Amino acid sequence: MVEALQMFLFLFKSKYRRKCSWFSPFLCSVIIVLLFCNGVLSKCSELNCLNGVCKNDTCVCEEGWQGPECQHCGGKIKLTDPMGIITDGVGNYSVSTQCSWLISPPWLGPNAPSIRVRLESFATECGWDHLYVYDGDSVRAERLLAVFSGVMDSDGSTWTRQVVAHSGSVLMHFFSDDAYAMEGFNVTYAAYSCPSDEFHTNCSNHGECDEGICRCEPNWIGVACDKPLCPDDCNAQYGAGSCTSEGCVCTPSRSGENCGREVSVAGWKWAWHEAREGVDSLRPKNVPPATAGHVLLNYDDDLLRVGGECFGEAEFVYRYKSADHEWIAMESRGEVPAPRFAHAAIVFGHELIVYGGVVAADDPERGGGLAGVEGGGGAVSNEVWRGRLAGERLVWRNATPASCAPHTRCGGLHLSGHSAVLVYIGPAKKPVMLSFFGHSPHYGYLHLVQEYYIEEGVWSVAQTKGWPARAGFGHTAAYDDASNRVYIHAGLVSESEATQAPSDALYEYNVDSRVWRPLPRAPTPRYLHAAIFVSPGMMLVFGGNAHNDSAAAAPLATPAANKCYSGDAYLYDVRCARWLTTSSPLTAPRAASAVALLPKARTSTAIFIAGFDGRLRSDALLFETGSKCSTHKDETSCLNSAKRAAIACVWRIKEQMCESLAQVSWQDTFNADKFKSCSADPVFDGRRCAAAGYCEACVAAGCAWCGACLASARLCLRRPTQMALSVEECGGSETSAVCGRYHSCAACHAHLHRHPHGNDDSRACYWDYDSVKCRPANTTVDLRGVSGVSSVGLSSVGGPGAGACSAACSTYKTCANCTAEECIWCASAARCVDKNAYGASFPLGGCRAWSTSGCAGGGASAAVAGCSAHASCAACRAEPACGWCDDGAGGGRGACLPGGERRPHHPHVCPHRRWHFTRCPACQCNGHAVCDASARCVQPCGARAIGAHCEQCAPQHWGSPLNGGVCQPCECNAQAVACAADTGRCFCSTKGLAGDRCDKCDNTNHYHPDLYNKGCYYDLAVDYQFTFNLSKKEDRHLSAINFRNAPVKPDVDADFSITCSAHARMNLTVRTRTHPERTLFSDLNCTNFRYKFAKSEHAFGVEDNVTLTTFFVYVYDFRPPLWIQISFSQYPKLNLQQFFITFSSCFLLLLLVAAALWKIKQKYDLYRRRQRLFVEMEQMASRPFSQVSIELERSGSSVNGSVGGPPAPVALEPCAGGRAAVLSLVVRLPTGGTGRAPPLGGLALASALVTLGHHPPPRTHKRRAR
């Protein structure tokens, strides 16, 4: 605040002191009030130290709190009370925060107490700030119970909001990044308790608590006994159903949890609940562990669940036998694939094919052992695994292709978050697995379509056309049998090199022609959702992550938009190109779920299994379609079936009957004479035309290309012969459009021009670092980055590598290397990812802490991952995965090791008596001193260390004294009083000095050495005023700055002026060609100094390339912030005689030029008039000439005796286009009764513009006889 006031005063004094003298008293009053408030608020008291005590005007915080008023949580503490409240603090939580709580209540018996943790209120930044809850005393606990993020309402799922730990301990850890803060959370915990709808009760007062499990009373169910067995009494009063011991049993015409929905209407119901959340007898046998990011596939009459994140051990494939209502774990034989999630899979015949995904790391120590594949530092794979299904066994083989299909671009990239669809391409119906988009750690968010030819076992990249579709990570791909198209919806896409955002786009992909077409956007963006065609032409979309940026979503008006996980469902009618809202299941929001069609269902039914909403789920939801099309007897109900029953129907106009879209060919539905398919025709969105930048995209959007994209072909008037209305008419693909799709340098440089014959590939695109965009390589722009090719591209893509791109973030293995680039370092997973790839790299919150600058330990420790990067007990204790092993010498030295409250993960490394998890040893002197009886370090510390805990190096020393480290003297050539504590780089005290030892001049910023003097000087140009702002962070060590100036005008006096915003001293010296440097002014206050150097006293100018006089200005003895205005000027005196002579000459010259230009204009205008006359004469001469004979009738009667009738034209001249013509007639002027009107017998020639074409003869009306 004081620095801001100094800057304001400096500017006010220099600009406004003469203009606003009346304002000075008011300004002084404001400054006094601000200084008073700053002084009062900076002092603490017992009232504003919320979780601490006030000592020496400073809040000393209690354990587990931090901040100037102890208002934010921090560190790691142990809670031993049987119940309590955990909060992040008052108001919004702080950014860049890590807080840990170990709940370890006393045991009241031989068994460990069950501990209930309940969210009373919760609001954090979705996808970025997380609260982790572990069942146990470490991150390698028995299991990870929950990863909470986003906003949770009080009316949300009770099952999601509270968890129960049975190990006797709970470890909670909260992490917030440095970007955005929200309200935070209030959490209650209680030992020997069960879930409940209120924090002060157990089992919602509808059951008994038995070791953390509720035993509900009759007619109550749920983990908290808070749900009635039969909601709304099954609507028995309306005859909808009856209540039994297994819930509602509905009549044949009703469905739903409370029998409140007619079966003719599409809707939701539960297939089964979580354990103890519903009627357990309805759950299938052997339900597999909860999961997310898996794949669900139909196989015969069963379902296959493939992979997924389980936060623990699980089988790779489970099979749901629908006939037996039972899950079985498939036995894997052969070379078994590693566990993975965010992969893609299909079933081809009796073979399961799995591609890509995030696989578990080989190193169990990586990431401190955080549960799951994602948190354990998983890597993205490009493997293709094929498993032969034989009963309850799977025989696996690694079928990753080592080569590509001939004359094609290679595929098989390392991907996650992609999708796969089985299609049959070409006349031969060749089976192909299409893999769409995804995220690559090397290439970023991809727009490619990869084709895996199943019979040949090779990859190829499809040469797509049309709209530049992009869906990135976590989209959905669904194949529609009716239209024979694949529909890609939403996904997480790249907005820039540093940001990503969910999409709401929908695209159609033609499998045979490989053409993309844009479709109407969805009502809301999302990713990690699920989509399936529940009936031909009707796609159902459910769940997903609605956003991953709470700052952007906060202004949205709808409450659902503020939630992290969506429970909304939408239908898309393919034939009518419209989105329809449908009912959504209550208390069932989730992301990373999977969907398939339920085998042997009464109607077409989609089943959604598992997912993630802060907790991994294992339940299942059903979406049932309504009545068939044949039940509709009128056109209105038939065409409304899509919205009501989720079944697309068409109305046969002639037969007056309703049929399913599957019963009619896709092309016939567009025949308006036979069928009516939509209640309203699809609306054309002309905005897509404005967004299309090239021909293929334009015509794919239904627009017309005419040099620009137009909404209609009728608007193409300038070049109608070059108009294109189809992709084939556009010719080849446009490189500028293709290159524009790539958002990373590596992907840009990997795109090649492929020649059909031979192996010559040329680079098609290059990366422009100035605009941060990918551009076509055949432009005239400087092709930076095309030369100097280095092999950092993927070998599976073929051709050269990524050019002169920097290495991908995923290649960096240490925090120091990662944060030195534009990357994010996840310390808990020991992974480096792109700044715009955090959501795609850790979709389930697998990164417990990340940073873009600064590493734990600093210096050499930054190259070490894990707990060993922490060199002090305080830093080690703040990390939830680590504990401190004291060396036993009593000086505070030790080692930071992975472990929990009871012991390190390797007990033989550290004895139990020297293990510290939530508290540090009393004596903390870093091995440089011993402690007295009060556990205070005896001063002075050894090894050049200072501080209460010997934690800092003494002034003019560098290094880290932590844990026995060494401090070394700074070597700065007497040009600095301090250096960087971690590297020893000197903080030069004179502006302009550079180098690690202050032994160079900063030539980049125009500081240069002097031939005779030491130091570096800024060369001041004459007649310019310079302002130097020495208030930046890097200027805080400065105390001096040097200037020099050599006046160049020998016959003009030199004026010197300097103004300083704060206290500073100044010396001014001069050196001539013949005399050494001498002092003119010494030890002056440079607040405001002016002086004139007369030309009679000093020899100015340059002789033989040597300046005659040089002035040196030395400003010193100041402390930043400081602003300096300095100038040397040589303005000559004004010669009035010369001024008027020059002015008059210029004015006369200007008049002469104006007169000459006027004459030229007159000549040119006369020339233009003559030219126009010649053109008109030529046009008249070019008109056709002919003769026509006219016979005049006699006094009202024609020659042939007829009177009246249509006149006959004497000439008809068609216009261009042939649709209009100029018609000429000979008419007689009125005579007025005098016989004949003069002149020329009263004749005149008349012309009119008429249309050409066939006109029906006028109707003749006949009178009816009476």
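Look up a bit, the structure's there.
Residues numbered from 1 in each chain as written. Predicted model: local features only at pLDDT ≥ 70, side-chain atom pairs only at ≥ 80, totals over all residues. Heavy atoms only, no water.

**Q** Help me understand the side chain of Thr201 in this model?
**A** Looking at the element boundaries, Thr201 is found in the loop between β14 (184-191) and β15 (207-210). Of the polar contacts made by the side chain of Thr201, one reaches the side chain of Ser196; its length is 2.5 Å. (Helix = DSSP H or I, 4+ residues; strand = E, 2+ residues; numbered from the N terminus. Polar contact = N/O pair within 3.5 Å; in protein donor to acceptor, adjacent residues only side chain to side chain.)

**Q** Just to check I follow, could you spell out the sheet that holds strand β47 (residues 569-573) for this structure?
**A** Note on sheets: strands pair through backbone hydrogen bonds, and any given pair is parallel or antiparallel. The strand order β45-β46-β47-β48 describes an open sheet built from four strands, whose pairing is antiparallel. The sheet terminates laterally at β45 (530-535) and β48 (578-581), the two strands that pair on one side only. Each neighbouring strand pair of the sheet contributes to a mean axis angle of 30°, computed without reference to strand direction. Relative to β47, strand β46 (residues 538-542) runs antiparallel, the two being bridged by five bridges. Note on β47: the bridge partner recorded for Val541 is Tyr570. (Pairing = 2+ DSSP bridges. Axes fitted to C-alpha atoms, helices over the stretch in contact; angles between N-to-C directions.)

**Q** What exactly am I supposed to notice about the pattern of salt bridges here?
**A** If the charged atoms of two oppositely charged side chains come close together, the side chains can form a pair. Applying the stated criterion across every chain, the model contains 44 salt bridges. Asp613 is the salt-bridge partner of Arg617, the closest N and O atoms lying 2.7 Å from each other. Exposure class is identical for Arg617 and Asp613. Each is buried. Linked by salt bridges that have partners in common, Arg590, Asp613, Arg617 and Asp619 make up one network. (Salt bridge = Lys/Arg side-chain N within 4 Å of Asp/Glu carboxyl O. Buried < 20%, exposed > 50% of the residue type's maximum accessible area, 1.4 Å probe, protein only.)

**Q** Before we go on, may I ask you to explain the pairing of strand β53 (residues 657-660) in this structure?
**A** Consecutive side chains along a regular strand alternate between the two faces of the sheet. As judged from the four bridges shared by strand β52 (residues 649-652) and β53, these two strands associate in the antiparallel manner. Bridge pairing in β53 places Arg652 opposite Met657. In this antiparallel pair of consecutive strands, β52 and β53, the connection spans four residues, and Gln656 shows a positive phi of 55°.

**Q** Is there a simple way to think about the state of the cysteines in this case?
**A** Scanning the entire structure with this criterion turns up 34 disulfides. Disulfide pairing places Cys706 opposite Cys716 at an S-S distance of 1.8 Å. Its S-S torsion of about 60° marks the bond between Cys706 and Cys716 as right-handed, since a negative value means left-handed. Residue Cys706 is located in the loop between β55 (704-705) and β56 (709-710), and its partner Cys716 is located in the loop between β56 and α10 (735-739); the two are separated by ten residues in the primary sequence. Grouping residues by exposure puts Cys706 and Cys716 together as buried. Across the disulfide from Cys1060 sits Cys1086; the S-S distance is 2.0 Å. Across the disulfide from Cys1060 to Cys1086, rotation about the S-S bond amounts to roughly -115°, and the bridge is consequently left-handed. Of the two residues, Cys1060 is situated in strand β80 (residues 1054-1060) and Cys1086 in the loop between β82 (1078-1085) and β83 (1088-1093); the sequence distance between them amounts to 26 residues. (Disulfide = S-S within 2.5 Å.)

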